[in-house]
Amino acid sequence: MEGFNYQLNHLKELEAESIFVLREVAAQFEKPVLMFSGGKDSILMVHLAVKAFYPARIPFPLLHIDTGHNFPETIAFRDRLVKRLGAKLIVGSVDEAIASGLVVEEKGYDASRNGLQTAVLLDELEKGQFDAALGGARRDEEKARAKERFFSHRDEFGQWDPKNQRPELWNLFNGKKNMGEHFRVFPISNWTELDVWQYLAMEKVELPSLYFAHERPVFERNGTLLADSHFMNKRETEIPQSMKVRCRTIGDMTCTGVWESDATTIEEIIDEVATTRMTERGGRTDDKRSETAMEDRKKHGYF
């Protein structure tokens, strides 16, 4: 019983901290937007935002950067959630960016649209004149994300300088900026993957079916299982086979690895996460392109 109370108090403290940050964003910025990927962390962010501003609606729109190579389940879940909440959804399309010449699609077997999202995101932030973009990144996910502040400043080009960040003392957040600059804000920075799952279980939050074990055609590439689809450019040796898998993160299908699993409930996922040694993003092939892949992308405006 004592352990349960500690866990409950811990989750409630994280919730209170995140809600405080969300309300600070509403107070300090004129046009915030919430970046929404359809993954568990952005779903958690939406749930916290609903709590932070209840009984009013969420006071900012949701922005989804659609690569065109998303899991179909992600798009279906996104649309149901937006309709249920009566929220405004903005979709930035990588397909349209390729067609217009804003970005150039990669070629080859390992081609991915994940990196192309940066230019589309910056374009959408510029078009909407958003001065703060709320994201669901957490410090435990990846070493580059561990360097971020709650209020993370971006210059007029959307770039991030990890060596020149503003100090954050206690719960004081500095949102002052110059014309053309904006902030990325990460209210769940201090949460861990296990915290997220325990909280989602406690709150009984609906999640996409992708997170739960299901049969799916997959193939192996460089030690990572990838879900098969019509736009995956496979080698002759990459032969799909049906396996029982689930996602730990959700992103572009071309670079989001899936995991062999029998976990069909949140409780089973919590047990799995608590005992695994593999990091949450260990199956993201885009993170493996170099030792500093994530930090390099973030410096240029990535999520």
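Each helix and strand counted, the chain has eight helices and ten strands in total. Per-residue burial for the chain yields a buried fraction of 53% across its 303 residues. Summing over all exposed atoms, the chain offers an accessible surface of approximately 14800 Å²; the carbon and sulfur share of this is 52%.

Spatially, β3-β2-β1-β4-β6-β5 is the arrangement adopted by the six strands of the open sheet, whose pairing is mixed. Two strands in the sheet have a free side with no partner beyond their single neighbour: β3 (89-93) and β5 (151-154). Averaged over all pairs of adjacent strands, the angle between their axes in this sheet comes to 30°, without regard to strand direction. Sitting on the sheet, helix α5 (residues 117-128) touches β1 (32-35), β2 (62-66), β3, β4 (132-134) and β6 (182-185), and the angle it makes with β2 is about 145°.

Along the chain, Y54 connects to P55 via a cis peptide bond; the corresponding omega equals 10°. One non-glycine residue, N222, lies in the positive phi region at around 50°. By secondary structure assignment, the location of N222 is in the loop between β7 (214-221) and β8 (224-227). In this structure N222 comes out as exposed when scored by relative accessible area, which is 70%.

Relative to the helices and strands, G86 resides in the loop between α3 (72-85) and β3. Judged by relative accessible area, G86 falls into the partly exposed class, the value being 33%. Put simply, G86 and I58 are 28 residues apart on the chain and 9.0 Å apart in space, counted from C-alpha to C-alpha.

Take the packing of helix α2 (residues 40-53) against helix α6 (residues 193-203) next. Close contact between α2 and α6 brings their axes to 11 Å; oriented N to C, the two are set at 50°. Taken together, the axes of α2 and α6 are oblique relative to one another. Crossing angle aside, the handedness with which α2 passes α6 is left-handed. Note on element contacts: α6 touches α2 through E193, V196, W197, Y199, L200 and E203, opposite K40, D41, L44, H47, L48 and K51.

So, about the environment of N114. Topologically, N114 is positioned in the loop between α4 (94-100) and α5. Since its relative accessible area comes to 2%, N114 is described here as buried. Put simply, N114 and T67 are 47 residues apart on the chain and 7.1 Å apart in space, counted from C-alpha to C-alpha.

With the rule as written, the count across this model stands at nine aromatic pairs. A centroid spacing of 6.2 Å and a plane angle of 50° characterise the contact between F20 and F173, whose relative ring orientation is tilted. Taken together, the residues span a long stretch of sequence, with F20 in helix α1 (residues 2-28) and F173 in the loop between β5 and β6 at a distance of 153 residues. Residue F20 is classed as partly exposed on the basis of its relative accessible area, which comes to 32%. A relative accessible area of 12% means that F173 is categorised as buried. Judged by centre distance (5.6 Å) and plane angle (50°), the rings of F29 and F151 are tilted. One end of the pair, F29, is in the loop between α1 and β1; the other, F151, is in strand β5, and 122 residues separate them in sequence. The pair formed by F29 and F151 is uniform in burial state, with each residue classed as buried. Against the face of W259 rests R248, its NZ or CZ located 4.7 Å from the ring centre.

Read once around its circumference, the closed barrel built from four strands follows the order β7-β8-β10-β9, with strand pairing classed as antiparallel. Between one strand axis and the next, the sheet turns through 70° on average, direction left out of account. In the sheet, β7 pairs with strand β9 (residues 241-246) via five bridges, with the strands oriented antiparallel. Among the inter-strand pairings, V218 is bridged to a residue of β9, identified as Q241.

A few words now on the pattern of salt bridges. Tallied over the entire structure, the rule returns 20 salt bridges. The residue R248 makes a salt bridge to E193 at a minimum N-O spacing of 2.7 Å. With R248 in the loop between β9 and β10 (257-260) and E193 in helix α6, the pair connects residues that are 55 residues apart, well separated along the chain. On the accessibility criterion, E193 (7% relative accessible area) is buried. Linked through salt bridges whose partners overlap, the residues forming this network are K12, E15, K51 and E203.

Each value, and the rule that gives it
- Once a new chain begins, its residue numbering starts again from 1 and follows that chain's sequence as written.
- Only residues with pLDDT of at least 70 get local features here, since the model is predicted, and only at 80 or more are side-chain atom pairs given and counted; chain-wide, interface and lining totals rely on the full set of residues.
- Each side-chain value is derived from all of the structure's non-hydrogen atoms; neither hydrogens nor water enter the calculation.
- By the criteria applied, helices consist of DSSP H or I runs no shorter than four residues and strands consist of E runs no shorter than two, each listed in order from the N terminus.
- For every residue, the accessible area (1.4 Å probe, protein chains only) is compared with the maximum for its type, and the residue is labelled buried under 20%, exposed over 50%, or partly exposed between those bounds.
- Using a 1.4 Å probe, accessible areas were evaluated by the Shrake-Rupley method; residue-level cover was limited to the displayed protein chains.
- Strand pairing is assigned whenever DSSP detects at least two bridges linking the two strands.
- Axes here refer to lines fitted to C-alpha atoms; in helices the fit is confined to the stretch in contact. Angles between the N-to-C directions go from 0 to 180 degrees.
- When checking whether two residues touch, look at their non-hydrogen atoms; a contact exists if any pair is within 4.5 Å.
- Angle categories are assigned with fixed cut-offs, so that under 35 degrees is roughly parallel, over 145 is roughly antiparallel, 65 to 115 is roughly perpendicular, and the rest are oblique.
- Should the near helix be turned counterclockwise from the far one by less than a right angle, the crossing is left-handed, whereas a clockwise turn marks it as right-handed.
- Classification of ring pairs uses Phe, Tyr and Trp, with its six-membered ring standing for Trp, and accepts pairs whose centres are within 6.5 Å; under 30 degrees between planes counts as stacked, over 60 as edge-to-face, and the remaining range as tilted.
- To sit over a ring, a charge needs its Lys NZ or Arg CZ within 6 Å of the ring centre and within 35 degrees of the ring normal.
- A pairing counts as a salt bridge when a side-chain nitrogen of Lys or Arg comes within 4 Å of a carboxyl oxygen of Asp or Glu.

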